[in-house]
Amino acid sequence: MASSSCFQSSFRTSLRTIITQSRPLCLHSQRLSRYAVGSRRTISSYGYTQAKALVYSKYGEPQDVLSLHRHSISPAAGTSVVLRTLVAPINPADVNQIQGVYPAKPEMTIALGTSEPSAVAGNEGVAEVISTGSGVKDLKRGDWVIMKSTGMGTWRTHMAVDESQLLKIDNKEGLTPLQVGTVSVNPCTAYRMLLDFAQWGFRGDEWFIQNGANSGVGRAAIQLAREWGIKSINVIRGRENKEEEQKLRQDLLDLGATKVITEEELTGRGIKDQIKEWTQGGREPIKVGLNCVGGKNATALAKFLSPGAALVTYGAMSKQPLLLPASLLIFKDIRFNGFWVSKWSDRHPDQKKQTVDDVLRLTREGKFKDIPVQECRWGWKTEVDTLSKAVQGTLGGFRPGKGVFVFDEA
Ligand SMILES: NC(=O)c1ccc[n+]([C@@H]2O[C@H](COP(=O)([O-])OP(=O)(O)OC[C@H]3O[C@@H](n4cnc5c(N)ncnc54)[C@H](OP(=O)(O)O)[C@@H]3O)[C@@H](O)[C@H]2O)c1
C-alpha cells in the first residue's frame with residue numbers, strides 16, 4: 001500500500017477539485033436528477049460526472065462495512081483529470097485493509113460528500129481519461145492510466161485525480177484492460193523479488209523456489225523466470241480432487257514452471273533426494289525462495305535454499321508465524337528479507353514505470369499470460385450486495401480465479 005501521505009495528497013487533489021467548484025456542484029446535483037431517469041448519462045451537458053464508489057467508514061468484514069456512495073464530480077480543472085475506471089482487481093491486501101489489519105491505513109474524509117468520513121476501497125486498476133483540465137500536459141481523452149501509488153481508492157466508477165498521481169500507458173495497442181489493470185501489484189512484486197535479491201547468470205542453470213505458486217504473484221514469477229532462463233520449484237496446496245490438482249499442476253507447467261509439488265510433497269520423505277537430483281546434486285543453486293504463505297511450509301522451503309541465498313517473504317496467507325532454524329543463519333548464511341511493492345513503488349517511481357512497461361511488452365508479445373479471473377461486472381444499477389460479495393470471498397482460497405471488477409461503459 002502507498003504511504004498515507006500519498007493517499008492524503010491524492011485525496012487532497014480530489015477534494016480541491018470538488019471544493020473549488022462547490023457552488024456549481026450543489027446547484028448541479030439537482031439538475032443531475034434529470035439524467036437519472038430514463039437513459040442515464042455519466043456526464044451532463046454541464047460537464048459534471050456522476051459516479052459511484054465502494055466506501056467504508058469503519059473497519060470490518062467487507063460485507064458489513066462497504067456501502068455504495070453516489071456523488072458527482074466537477075469538471076476537470078487545472079492539472080486534474082477525470083477518469084472512468086475500466087478494471088480494478090480485488091487483491092487480498094484490499095480486503096485486509098478494509099478489515100483494518102493492514103499496515104497502510106487510508107485516511108477517512110468527507111471529500112466525496114459521505115455523511116461520515118470514509119475511504120474508497122481498492123488499490124489497483126486501469127482507467128480511461130475522459131476529460132482533462134487546461135493545465136494537464138501529458139494526458140488526453142482516451143488515454144489509459146494506472147495509479148502511480150497504491151491507496152488511491154480504485155473501486156469506483158469515476159474519479160478526479162491530479163495528473164502527477166498517474167502513470168500513462170504509453171502504448172495500449174494489443175493490450176486488454178484486464179492485463180493493464182492487474183500489472184502494477186502482482187507482476188511488479190514478482191519481477192522485483194526475483195531480480196533484486198540475487199545475482200543471476202541467466203544461463204539456465206539456476207533456480208528459485210516458491211510457495212503460493214498458484215497466486216497471482218506466483219504465476220507471474222513462473223513466467224518471468226522462464227523468460228529469464230531461471231528454473232523454478234513451485235509449491236501448491238494439494239486438492240482433495242486429484243483431477244483438479246493435476247489440472248492445476250499442468251496449468252503451472254504450461255506457464256513455464258520447471259517442477260510443481262504440493263505442500264505435502266515438500267515436507268514428505270524423498271523430496272530432499274528429488275531436489276538434489278533436479279539441481280544436479282546442488283551444482284545448480286537455488287538462489288531465491290519466495291514466501292507467500294509462512295508457517296511450517298516456509299520453514300520447509302527455506303531448508304532447500306543454497307548457501308548465501310535469500311528467502312523473500314511477501315505474504316502470510318496461512319496466518320502462521322515464520323519459524324526459522326538458527327542453522328540456516330549460522331551455517332548457510334541464508335538472508336531473510338521482506339518485500340512490499342507499495343514502499344518500493346513510492347521509492348522508485350522510475351523503476352516502477354520500467355517494470356510495468358517490460359511486463360506489458362511481454363504481455364503484448366504473448367509471453368506473459370493473463371491470470372485466471374472471476375469477473376464481477378459493475379454497471380450503474382449493480383447493487384452493493386453483488387459488489388461486496390465479490391470482495392468477501394477473496395480470502396477463501398481454492399478459488400478458480402482472482403476477483404476483478406469490470407466496469408460497464410455507461
Ligand atoms: N508484499 C507485497 O508487496 C505483496 C504484493 C502482492 C501480493 N502480496 C501478498 O501475496 C499474497 C498473494 O497475493 P495474490 O494477489 O497473488 O493472491 P491471489 O492471486 O488472490 O492468490 C492467493 C493465493 O493464496 C493461497 N492461499 C490462500 N490461503 C492459503 C493458506 N492458508 N495456505 C497456503 N496458501 C494459501 C491460494 O492458494 P490456492 O491456490 O491453493 O487457493 C492462492 O494461491 C497475499 O498475502 C498478498 O497480500 C504481497
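Before reading on, note that the structure itself is shown above.
Residues numbered from 1 in each chain as written. Predicted model: local features only at pLDDT ≥ 70, side-chain atom pairs only at ≥ 80, totals over all residues.

This paragraph deals with the overall build of the protein. Secondary structure summary: the protein contains 15 helices and 16 strands in total. With 410 residues in all, the protein has 43% of them scored as buried. By sequence separation, contacts in the protein at least 24 residues apart represent 76% of the contacts at least 6 residues apart. (Helix = DSSP H or I, 4+ residues; strand = E, 2+ residues; numbered from the N terminus. Buried ≥ 20, exposed ≤ 12 C-beta atoms within 10 Å, placed from the backbone. Contact = placed C-beta atoms within 7 Å.)

In this section: the site of the ligand. What surrounds the ligand is a group of 25 residues, the closest being Asn214, Ser215, Gly216, Gly315 and Val341. If you count residues domain by domain, the shell around the ligand takes at least three from each of domain 1 (4-182 + 370-407) and domain 2 (194-340). (Near = placed C-beta within 6 Å. Domains from an automatic or database assignment.)

Now for the packing of helix 6 (residues 186-196) against helix 7 (residues 216-228). At a minimum axis distance of 8 Å, the contact between helix 6 and helix 7 shows a crossing angle of 50 degrees. In terms of orientation, helix 6 lies oblique with respect to helix 7. The interaxial crossing formed by helix 6 with helix 7 has right-handed handedness. Side by side, helix 6 and helix 7 meet where Asn186, Pro187, Thr189, Ala190, Tyr191 and Leu194 of the first sit next to Gly216, Val217, Ala220, Ala221, Leu224 and Ala225 of the second. (Axes fitted to C-alpha atoms, helices over the stretch in contact; angles between N-to-C directions. Parallel < 35°, antiparallel > 145°, perpendicular 65-115°, else oblique. Left-handed = near helix turned anticlockwise from the far one by under 90°.)

What follows deals with the sheet that holds strand 1 (residues 49-56). Backbone-to-backbone hydrogen bonds pair the strands of a sheet. The strands run either parallel or antiparallel. What the 3 strands build is an open sheet, ordered 2-1-4; its pairing is antiparallel. With one partner strand each, in any of the chains shown, strand 2 (67-73) and strand 4 (119-120) form the two edges of the open sheet. Across 7 bridges, the pairing between strand 1 and strand 2 is antiparallel. Paired with Ala53 across the strands is His69, a residue of strand 2. (Pairing = 2+ DSSP bridges.)

Leu194, Phe208 and Ala221 are the most contacted members of the largest nonpolar core, which has 91 residues in total. Per-domain counts for this core show at least three residues from each of domain 1 (4-182 + 370-407) and domain 2 (194-340). Apart from residues lying up to four places away in sequence, Phe208 is in contact with Leu194, Ala225, Ile230, Ser232, Ile286, Lys287, Val288, Gly289 and Leu290. (Core = buried A, V, L, I, M, F, W, Y, C linked by C-beta atoms within 7 Å.)

Read across the open sheet, the 6 strands follow the order 11-10-9-12-13-14; overall the sheet is parallel. Strands at the two margins of the open sheet, each flanked by one partner only, are strand 11 (259-262) and strand 14 (335-338). Adjacent strand axes in the sheet meet at a mean angle of 20 degrees, parallel and antiparallel pairs treated alike. Here strand 13 (residues 310-313) runs beside strand 14; their pairing, made up of 4 bridges, is parallel.

Glancing now at the environment of Gly142. Within the element layout of this structure, Gly142 appears in the loop between strand 5 (126-132) and strand 6 (144-147). For the pair formed by Gly142 and Leu83, sequence separation is 59 residues and the distance between their alpha carbons is 9.5 Å. Once residues lying within four places of it in the same chain are set aside, the contact partners of Gly142 are Glu128 and Val129.

With that out of the way, let us pick up helix 8 (residues 242-255). In an α-helix there are 3.6 residues to a turn, and that puts residues three or four apart on one side. The end-to-end C-alpha distance of helix 8 is 20 Å, a good match for the 20 Å that 14 residues give at a rise of 1.5 Å each. Within the sequence span of helix 8, burial applies to Arg249, Leu252 and Leu255. Each buried residue of helix 8 lies within a common arc of 125 degrees when the element is viewed along its axis, so the set occupies one face. Turned more than 90 degrees from where helix 8 packs its buried face, Glu243, Gln246, Lys247, Gln250 and Asp254 sit exposed. Of the residues flanking the end of helix 8, it is Gly256, one or two places downstream, whose phi is positive at about 125 degrees. (Expected span 1.5 Å × (residues − 1). Arc of directions from axis to C-beta.)

Of all 5 residues in strand 9 (residues 206-210), 5 are buried, a share of seventy percent or more. Residues of strand 9 alternate between two faces, with Glu206, Phe208 and Gln210 on one and Trp207 and Ile209 on the opposite face, all of them buried. Strand direction decides the pairing type here: strand 9 and strand 10 (residues 230-236), joined by 5 bridges, are parallel. Counterpart to Ile209 in the pairing with strand 10 is Ile233. Since strand 9 and strand 10 lie parallel, the crossover through helix 7 that links them has a hand, and here it is right-handed. Both strand 9 and strand 12 (residues 286-291) contribute to a ladder of 4 bridges, which runs parallel. Each bridged residue has a counterpart across the sheet, and for Ile209 the counterpart in strand 12 is Gly289. (Right-handed = clockwise from strand over helix to strand, strands pointing away.)

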